[in-house]
Amino acid sequence: KTRARQGPGARRPRGAQPFGHDRPLREMNERPPEPAPDSGDVALGRTVPRVGERVGPYRVVRLLGEGTGGRVFEVLPEKLGRPAALKLLEAAHTARPSTRARFFAEALSITRINHPHIVEVTDIVETDEHAGLVMELLEGCSLGAAMRASALPPERFLPILAQVCEALAAAH
């Protein structure tokens, strides 16, 4: 994931509009995020957390998105109460020690990068049932959703592309 920079090395404050856009990207979402499953999908004997359940020291608020590798939830830490994002591996991946190890090695690599266009990983969660990364919660929608919502003119797309390239350069 990438985020916009407002000045050299500046981090975008929570709620600020990404990409210098004149209307919030969250307005361009095609559909609002779906709530976390309340039936607790089961795979390999492991359950997907439900709204209100705890994963380590974090309480699940809602499902933000999902893909083939896992799901991302909005969570609240037990002690600080500041919303965060929790990326949990799919149960099939969590069950494989080599995949868990690679997932956490990736998290460690990300924490070594301090760049305004790369999401900040703040914690890891490892339980018998779950393997996850805790990240800062960013407002808005993905670049893909923004592009599907409307064609991006070059004057908007090129600065975004430059930010993505800067993030990739910093990560490699």
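Residues numbered from 1 in each chain as written. Predicted model: local features only at pLDDT ≥ 70, side-chain atom pairs only at ≥ 80, totals over all residues. Heavy atoms only, no water.

(A) Layout of the overall build of the chain. Counting its secondary structure elements, the chain contains four helices and eight strands. Going from N to C terminus, the chain has its helices and strands arranged as β-β-β-β-β-β-α-α-β-β-α-α. Out of the 172 residues belonging to the chain, those deemed buried represent 36%. Within the chain, contacts between residues separated by at least 24 positions form 51% of all contacts whose residues are at least 6 apart in sequence. (Helix = DSSP H or I, 4+ residues; strand = E, 2+ residues; numbered from the N terminus. Buried < 20%, exposed > 50% of the residue type's maximum accessible area, 1.4 Å probe, protein only. Contact = heavy atoms within 4.5 Å.)

(B) Quick peek at the pattern of salt bridges. Inspection of every chain in the model, using the stated rule, returns six salt bridges. The salt bridge partner of arginine 50 is glutamate 53, with a shortest N-O separation of 3.7 Å. For glutamate 53, a relative accessible area of 30% corresponds to the partly exposed category. Two residues, arginine 100 and glutamate 126, come together in a salt bridge whose shortest N-O distance is 3.4 Å. Placement of arginine 100 in helix α2 (residues 97–111) and of glutamate 126 in strand β7 (residues 121–126) is noted, with a sequence separation of 26 residues between them. Taking relative accessible area as the criterion, arginine 100 reaches 13% and is therefore assigned buried. Look at the salt bridges and you will find they share partners, linking Glu66, Arg71 and Glu90 into a network. (Salt bridge = Lys/Arg side-chain N within 4 Å of Asp/Glu carboxyl O.)

(C) A look at the packing of aromatic side chains. Taken as a whole and judged by the stated rule, the model has one aromatic pair. Aromatic side chains phenylalanine 103 and phenylalanine 104 sit 5.5 Å apart centroid to centroid with 65° between the ring planes, which places their arrangement in the edge-to-face category. Assessed through its relative accessible area of 14%, phenylalanine 104 is described here as buried. (Phe/Tyr/Trp six-rings, centres within 6.5 Å; stacked < 30°, edge-to-face > 60°.)

(D) Focus on the environment of valine 134. On the secondary structure map, valine 134 appears in strand β8 (residues 131–136). Of the residues examined, valine 134 reaches a relative accessible area of 1% and is grouped as buried. When the C-alpha atoms of valine 134 and phenylalanine 73 are compared, they prove to be 9.5 Å apart, with 61 residues separating the residues in sequence. Residue contacts for valine 134: discarding those within four places in its chain leaves Tyr58, Ala84, Ala85, Leu86, Glu120, Val121, Thr122, Asp123 and Val125.

Scope: geometric values only; no functional claims are made or implied.
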